[in-house]
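# Secondary and tertiary structure notes
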Amino acid sequence: QVQLVESGGGLVQAGGSLRLSCAASGSIFSSSFMGWYRQAPGKQRELVAAITSGGDTNYPDSVKGRFTISRDNAKNTVYLQMNSLKAEDTAVYYCKMSYRLGRYFEVWGQGTLVTVSS
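Residues numbered from 1 in each chain as written. Predicted model: local features only at pLDDT ≥ 70, side-chain atom pairs only at ≥ 80, totals over all residues. Heavy atoms only, no water.

## Here we look at the pairing of strand S10 (residues 104-108)
In this structure, strand S9 (residues 91-100) lies alongside S10, joined through five bridges in antiparallel fashion. Within S10, the position partnered with Ser98 by the bridge is Glu106. A loop of three residues connects S9 with S10, the two strands running antiparallel in sequence, and Gly102 in this loop sits at a positive phi of about 90 degrees. (Pairing = 2+ DSSP bridges. Helix = DSSP H or I, 4+ residues; strand = E, 2+ residues; numbered from the N terminus.)

Here it is, written out as structure tokens:
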């Protein structure tokens, strides 16, 4: 029932910007924890941004100051604004929704490829 649909990936020059979107189905989005993750070839998937239902955010040092996560509860959508992109940002980016509906649920998006040319 719950699905995440991602968009916004593509090819961008180093130093450029890109905004990823992830639209969620269902009525539990507003109370969910949302996160953006990325996975480069041969590397483990890593968290790049997280936002709570209350709007608190968290970023690793690798993207801090360059990436911004936000959410629009009216549209059931989470965004990742990526600025000053570097070649090392190249990866498949995934959004994840975590929520409780009696028990814990975790839903992943299909991923969207971001390629940053140096």
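What follows picks up the thread again.
## What to know about the state of the cysteines
For the structure on display, the rule yields one disulfide. Across the disulfide from Cys22 sits Cys95; the S-S distance is 1.9 Å. Taking the torsion about the sulfur-sulfur bond, which here is approximately 45 degrees, the covalent link between Cys22 and Cys95 counts as right-handed. With a gap of 73 residues between them, Cys22 in strand S3 (residues 18-24) and Cys95 in strand S9 connect regions that are remote in the sequence. Across the pair, exposure class does not vary: Cys22 and Cys95 are buried alike. (Disulfide = S-S within 2.5 Å. Buried < 20%, exposed > 50% of the residue type's maximum accessible area, 1.4 Å probe, protein only.)

## Examining the packing of aromatic side chains
Evaluation of the coordinates by the stated rule reveals three aromatic pairs. Ring centres 4.9 Å apart and planes at 55 degrees place the aromatic pair Tyr37 and Trp108 in the tilted group. Of this pair, Tyr37 sits in strand S4 (residues 33-39) while Trp108 sits in strand S10, placing them 71 residues apart in sequence. For Tyr37, a relative accessible area of 14% corresponds to the buried category. On the basis of an interplanar angle of 10 degrees and a centroid distance of 5.3 Å, the ring pair of Tyr99 and Phe105 is categorised as stacked. What makes Phe105 partly exposed here is its relative accessible area of 28%. Taken together, Tyr37, Tyr94 and Trp108 form an aromatic cluster joined through their ring pairs. The ring of Trp108 carries the charged tip of Arg45 above its face, separated from the ring centre by 4.7 Å. Stacked on the ring of Phe29, the Lys or Arg Arg71 has its end atom at 4.6 Å from the ring centre. (Phe/Tyr/Trp six-rings, centres within 6.5 Å; stacked < 30°, edge-to-face > 60°. Lys NZ or Arg CZ within 6 Å of the ring centre and 35° of its normal.)

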